[in-house]
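# Overview (structure and organization)
One letter stands for each residue in the lines below.
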Amino acid sequence: MSDQVDVVVIGSGINGLVAAAELAKAGWSVALLERNDLLGGFIATEERTLPGYLHDTYSSWHPLFVSGPAYAALGEDLHRHGLEYRNTDYLVTASVADDGRTTLAYRDPERTAGLFADSRDGEAYLAAVNGFLKIAEPFGALLGSELRSPSTILKGLKLARAAGIGLLRDTVTSGRAYCRREFHGDEVDHLWSPWLLHAGLSPDHAAGGLMIPVLAATMHGFGLPVVAGGSTGLIEAFGKLFAELGVQVHTGTHVERVVVEGGRAVGVVAAGRRIKARRAVLASCTPTALVRDLLPRDAVEARFAERAERFRYGRAAMQIHVALSEPPAWSDALLGRIPLIHLSDGSGSTGIACAQAEAGLLPAKPTVVVGQQHVLDPSRVPRGAAALWLQLQEVPFAPAGDAAGELDTSNGWTRELADAYATRVLDRVAAHAPGLAATIRAVDVVTPVDLAAHNVNAVHGDPYGGAGELDQSFLWRPGPRGTVPGLWHIGASTHPGPGLGGASGHLVAQRLLG
Ligand SMILES: Cc1cc2nc3c(=O)[nH]c(=O)nc-3n(C[C@H](O)[C@H](O)[C@H](O)COP(=O)(O)OP(=O)(O)OC[C@H]3O[C@@H](n4cnc5c(N)ncnc54)[C@H](O)[C@@H]3O)c2cc1C
């Protein structure tokens, strides 16, 4: 490790990777320091169940990456180094209600809207998707900007002119209320309310009215790309790009402190060693860790320290990986062709499950996100076999009880509780895929406690680096600067928030490159 570089990047999640690559491409010397033994943060592929089954342990779906500015900047390099995507151009997602009613989304929005029972809803849906597409460019420009900067005012005005006051109304509206206001039937609610979980929201949180058209337009426009062979392929491509660009990569290296001299961040201390950063330090961490652990106490203004202390974390998540001997025999055969399905009645059941989790309870009827990556990429499972990537986003970190009154939560996330809850979830899947149990070869459960242990940024098992409600988004999300000159804050905790877009890493790299 050399003792002096232009930039030190702390943390190798997508934002750290993007920032390191973009700065190194511009000729800056970069050291990337990661406390885990492998790069990637919440990007990893492992044989978690049986040999031959490649499970994306955490994140998997890359629509945010391929639709974002970081991919525009680095995509060509990453593909040159082996990154390949598999996607769908047919069915993209679906919701299945308890009674088996299924609402489908195709890549084609017109085909999707054509299935709605009330033709007025089909028209309103297409108007909402097309309405967002018309403002997608100024919207994206604003999201990709440092919001507390004068140049952003112009971008905001441009967006306001293009979108009108309706956008503001949708932004303060919940997903549930938006669907009731805009549609007569419940297909849009059924299909897209569970997707709000992926934005860190619940159906009753403000901003859902904004996010439903955004999510729908993104799925129709970009599908659900997954990395061929598993998400680790993205990390491998970054690794090769780093080798080409001379980025110094140090895994197993926890950064203990940011060094501040003369009121400016000038380097870090990691593994007892000091590394000087001539131009900048980029920290991909939570505001809590930045202020409590990394910065000297007197380096931070009191109002910033207080904001960081009060930063709120969201619901926890968990993952269940299932190795199957054969694809599930879904009651509706079309489900066997869909990469990502939600088991939910829409805002009804998802709203209840969110409320139960936020009250500290294990939901009685959780929304189950059923990922079937093998549909897009059969290379991830043995020939003829299948795997399920089950995600739960309505989970308490410290369960205080079970909403169904069945499970003992008094000892927290023990293996027994994890397995018992996984059984509840698998039963929910089996209700729509008869005979599933007989095809299960192995199950692996990643609890909220496991998430927090893998990634220090997942405080209380929150997969999104902080609650994503409106009062903690946009202007009210941290960063990218604000504490100490020379120090830039990136990652899911900062604007524009979580997901694999790499937007905050890109934003800071571009600011530094002027
Ligand atoms: C289970 C799960 C599934 C998800 N699925 C998807 C999905 O399919 N699609 C999607 O778009 N998003 C998904 N997300 C969200 C997405 O994965 C995250 O928002 C995103 O990966 C966060 O990236 P990041 O750049 O903030 O860094 P992170 O991935 O949070 O990584 C931060 C890294 O910084 C390191 N670090 C922190 N502090 C220090 C320190 N002091 N010294 C050294 N290293 C440090 C950590 O060890 C970690 O490796 C999912 C998240 C989870 C948990």
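As a further point, take a nonpolar patch on the surface. Where nonpolar side chains cluster on the molecular surface, the patch consists of I153, L154 and L157 and spans about 340 Å² of accessible area. Among the secondary structure elements, L154 is positioned in helix α6 (residues 150–163). Residue class for L154 comes out exposed when judged on its relative accessible area of 63%.

When cut into domains, the chain gives domain 1 (4–42 + 66–83 + 229–312 + 465–513) and domain 2 (126–143 + 153–220). The C-alpha-based centres of domain 1 and domain 2 are spaced at 29 Å. Domain 1 puts six residues into the contact, and the matching count from domain 2 is eleven residues. For the pair domain 1 and domain 2, the summed buried area comes to about 640 Å², and 71% of that belongs to carbon and sulfur atoms. Ranking the residues of domain 1 by area buried against domain 2 places E469, L470 and F474 at the top, with a combined share of 60%. Taken together, the connections running from domain 1 to domain 2 amount to zero salt bridges. Taken together, domain 1 and domain 2 are joined by one residue pair in polar contact (both at pLDDT 80 or more). Considering only residue class, the side of domain 1 that touches domain 2 consists of three nonpolar, two polar and one charged.

Moving on, we come to the environment of Q4. Relative to the elements of secondary structure, Q4 occurs in strand β1 (residues 4–10). For the pair Q4 and G486, spaced 482 residues apart in sequence, the C-alpha to C-alpha distance is 15 Å. If near-sequence neighbours (up to four positions away) are discounted, Q4 is found in contact with K276 and R278. Among the polar contacts made by the side chain of Q4, one reaches the side chain of R278 at a distance of 2.8 Å.

Moving on, we come to the site of the ligand. Around the ligand, the surrounding shell holds 33 residues, and the nearest of these are N15, E34, N455, A492 and G499. A distance of 3.4 Å separates an oxygen atom of the ligand from a polar atom in the backbone of I14. A492 is positioned with one of its backbone polar atoms (N or O) 2.7 Å from an oxygen atom of the ligand. Within the complex, the protein chains bury 95% of what would otherwise be the 1,000 Å² of accessible surface of the ligand. In the shell around the ligand, the residues fall into 14 nonpolar, 17 polar and two charged.

Further remarks concern the packing of helix α8 (residues 175–182) against helix α10 (residues 208–222). Contact geometry of α8 with α10 gives a least axis separation of 7 Å together with a crossing angle of 75 degrees. Taken together, α8 and α10 sit at an angle that is classed as roughly perpendicular. Residues G175, Y178 and C179 of α8 form the contact with α10, whose own contacting residues are G208, G209, I212 and P213. Residue classes in the contact of α8 with α10 are distributed as four nonpolar, three polar and no charged.

Here we take up the pairing of strand β11 (residues 264–270). Taking burial as the measure, the seven residues of β11 include six buried ones, the bulk of the element. Direction of pairing for strand β10 (residues 255–261) relative to β11: antiparallel, over a ladder of six bridges. Counterpart to V258 in the pairing with β11 is V268. The antiparallel pairing of β10 with β11 creates a hairpin that spans two residues between the two strands, and G262 there sits at a positive phi of about 60 degrees. Direction of pairing for β11 relative to strand β12 (residues 273–284): antiparallel, over a ladder of four bridges. Considered in β12, the bridge of V269 is made with R274.

This part is about the side chain of T173. The topology assignment puts T173 in the loop between α7 (165–171) and α8. Leave out the neighbours within four places in its chain, and T173 touches Y178, R181, H205, A206, A207, G208 and G209.

To continue, consider empty space enclosed by the protein. According to the stated counting rule, one finds four cavities of 30 Å³ or more in the structure shown. In this structure, the largest cavity occupies an estimated 80 Å³ of space. Forming the walls of the largest cavity are L54, H55, D56, H321, Q373, H374, R380, V381, A387, L388 and W389. The set of elements that each furnish at least two residues to the lining of the largest cavity consists of β4 (55–56), α15 (373–376) and β17 (386–395). Considering every element that reaches the lining of the largest cavity, the biggest residue donor is β17, with three residues.

Before going further, it helps to spend a moment on helix α16 (residues 415–430). Here α16 contains 16 residues, and its C-alpha end-to-end distance of 22 Å stays within 8% of the 22 Å for a straight helix at 1.5 Å per residue. Restricting attention to buried positions, one finds in α16 the residues L417, A418, Y421, A422, R424, V425, L426, R428 and V429.

Glancing now at the environment of P363. Structurally, the position occupied by P363 is in the loop between β15 (361–362) and β16 (368–371). The spatial distance from the C-alpha of P363 to the C-alpha of A404 is 7.1 Å, given a sequence separation of 41 residues. Apart from residues lying up to four places away in sequence, P363 is in contact with A353, Q356, A357, E394, A403, Y421 and R424.

Our next topic: the packing of aromatic side chains. Tallied over the full model, the rule gives twelve aromatic pairs. Ring centres 5.4 Å apart and planes at 65 degrees place the aromatic pair F65 and Y71 in the edge-to-face group. Between W413 and Y421, the aromatic rings sit 6.3 Å apart at their centres with planes inclined by 70 degrees, giving edge-to-face as the arrangement. Of the residues examined, W413 reaches a relative accessible area of 12% and is grouped as buried. Through a chain of ring-to-ring contacts, three or more aromatic side chains come together here, namely F65, Y71 and Y85. For the cation-ring pair, R111 lies above Y106, with the distance from its terminal atom to the ring centre recorded as 4.2 Å. Sitting over the ring of W28, R279 keeps its end group 4.1 Å from the ring centre.

Rules used throughout
- Residues numbered from 1 in each chain as written.
- Predicted model: local features only at pLDDT ≥ 70, side-chain atom pairs only at ≥ 80, totals over all residues.
- Heavy atoms only, no water.
- Patch = residues over 30% accessible without salt bridge, like charges linked within 9 Å, V, L, I, M, F, W, Y side chains within 5 Å.
- Areas by Shrake-Rupley, 256 points an atom, 1.4 Å probe, with all protein chains shown as cover.
- Salt bridge = Lys/Arg side-chain N within 4 Å of Asp/Glu carboxyl O.
- Helix = DSSP H or I, 4+ residues; strand = E, 2+ residues; numbered from the N terminus.
- Buried < 20%, exposed > 50% of the residue type's maximum accessible area, 1.4 Å probe, protein only.
- Domains from an automatic or database assignment.
- Contact = heavy atoms within 4.5 Å.
- Buried area = accessible area lost by both parts, 1.4 Å probe.
- Polar contact = N/O pair within 3.5 Å; in protein donor to acceptor, adjacent residues only side chain to side chain.
- Nonpolar A, V, L, I, M, F, W, Y, C, P; charged D, E, K, R; others polar.
- Near = heavy atom within 4 Å.
- Axes fitted to C-alpha atoms, helices over the stretch in contact; angles between N-to-C directions.
- Parallel < 35°, antiparallel > 145°, perpendicular 65-115°, else oblique.
- Pairing = 2+ DSSP bridges.
- 1 Å grid on protein atoms, 1.4 Å probe; cavity = no way out; pocket = protein on both sides within 12 Å on 5 of 7 lines; lining within 4 Å.
- Points joined across faces, edges and corners; volume = space filled by probe spheres on them.
- Expected span 1.5 Å × (residues − 1).
- Phe/Tyr/Trp six-rings, centres within 6.5 Å; stacked < 30°, edge-to-face > 60°.
- Lys NZ or Arg CZ within 6 Å of the ring centre and 35° of its normal.

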